[in-house]
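Structure at a glance
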Amino acid sequence: LFPTPVSLSKFDYALKNKKVTLSWETVSEINNSHFLIEKSIDGTNFQTIGKVVGAGTSNSSKQYSFTDDNPLYINQYRLKQIDVDGKYNYSKILFVKVTQANPLSIINNPVKNTLQYSVDIQNPNETNTIVVYDMMGKRLKKYAVQLGLQKMNIGDLKNGQYLIQLTTNSQQTFSQLFIKAD
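A brief report on the enclosed structure follows. (Residues numbered from 1 in each chain as written. Predicted model: local features only at pLDDT ≥ 70, side-chain atom pairs only at ≥ 80, totals over all residues. Heavy atoms only, no water.)

All right, on to the side chain of Gln-81 then. Looking at the secondary structure, you find Gln-81 in strand S5 (residues 74-83). A polar atom in the side chain of Gln-81 sits 3.0 Å from the side chain of Asn-32. Apart from the residues lying within four places of it in its own chain, the contact partners of Gln-81 are Val-6, Asn-32, His-34, Phe-35, Lys-87, Tyr-88 and Asn-89. (Helix = DSSP H or I, 4+ residues; strand = E, 2+ residues; numbered from the N terminus. Polar contact = N/O pair within 3.5 Å; in protein donor to acceptor, adjacent residues only side chain to side chain. Contact = heavy atoms within 4.5 Å.)

Further remarks concern the sheet that holds strand S8 (residues 104-106). Read from one edge of the open sheet, three strands run S8-S9-S12, paired in antiparallel fashion. The strands lining the two open edges of the sheet, one partner per strand, are S8 and strand S12 (148-153). In this sheet, adjacent strand axes meet at a mean angle of 30 degrees when their direction is disregarded. In the sheet, S8 pairs with strand S9 (residues 114-119) via three bridges, with the strands oriented antiparallel. (Pairing = 2+ DSSP bridges. Axes fitted to C-alpha atoms, helices over the stretch in contact; angles between N-to-C directions.)

This next bit is on the side chain of Glu-25. One can find Glu-25 in strand S2 (residues 19-40). Despite its burial, Glu-25 pairs with no opposite charge, the nearest such side chain being Lys-10 at 5.3 Å. Of the polar contacts made by the side chain of Glu-25, one reaches the side chain of Gln-63; its length is 2.9 Å. (Buried < 20%, exposed > 50% of the residue type's maximum accessible area, 1.4 Å probe, protein only. Lys, Arg positive; Asp, Glu negative; His and termini not counted. Salt bridge = Lys/Arg side-chain N within 4 Å of Asp/Glu carboxyl O.)

Before going further, it helps to spend a moment on the pattern of salt bridges. Tallying each qualifying case throughout the model produces five salt bridges. Residue Asp-69 is joined to Lys-19 by a salt bridge in which the shortest nitrogen-to-oxygen separation is 3.8 Å. Highlighted residues: Asp-69 in the loop between strand S4 (62-68) and S5 and Lys-19 in strand S2, separated in sequence by 50 residues. Looking at Lys-19, the relative accessible area reads 36%, which means it is partly exposed. Across the salt bridge formed by Glu-38 and Arg-78, the nearest N and O atoms sit 2.6 Å from each other. Note that Glu-38 is positioned in strand S2 and Arg-78 in strand S5, a separation of 40 residues in sequence.

Okay, here's the thing in structure tokens:
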């Protein structure tokens, strides 16, 4: 059994001011070139968002960190540790939900006849949609997204709970529940 080139003792995150700071610690390193920080929205397709140089060879604990200044609502992070000879290993995946990053917010809840909601997305030129579903998953209304404060007439809906969902062109979805009550 060969020892792993890098012994990772900690991989964690902290959330502050809508930024995600990843931190990790190694207890020993053998020929560690660097770490690539990778991010995914679906847990399958990862993209490199940063690089942190490793300590090479070390028998003492080393602390590392990287800050993602532009986290999404749902983020999955992993470390790709790369040796000087090009071999690599992956860390576990950290799942980080940044609720402040949800671009869809409901202004009034419960709602009588007019649902007020706000949309704050980074790429307004994308083709984005707003859909209202009942709790059985049936699509009741669909609109193209506009930025800022919006109003939707829901007077035709029965009293009950509904889901409003924003879907971006990049297939990210953001949801909020609302209650229709007279």
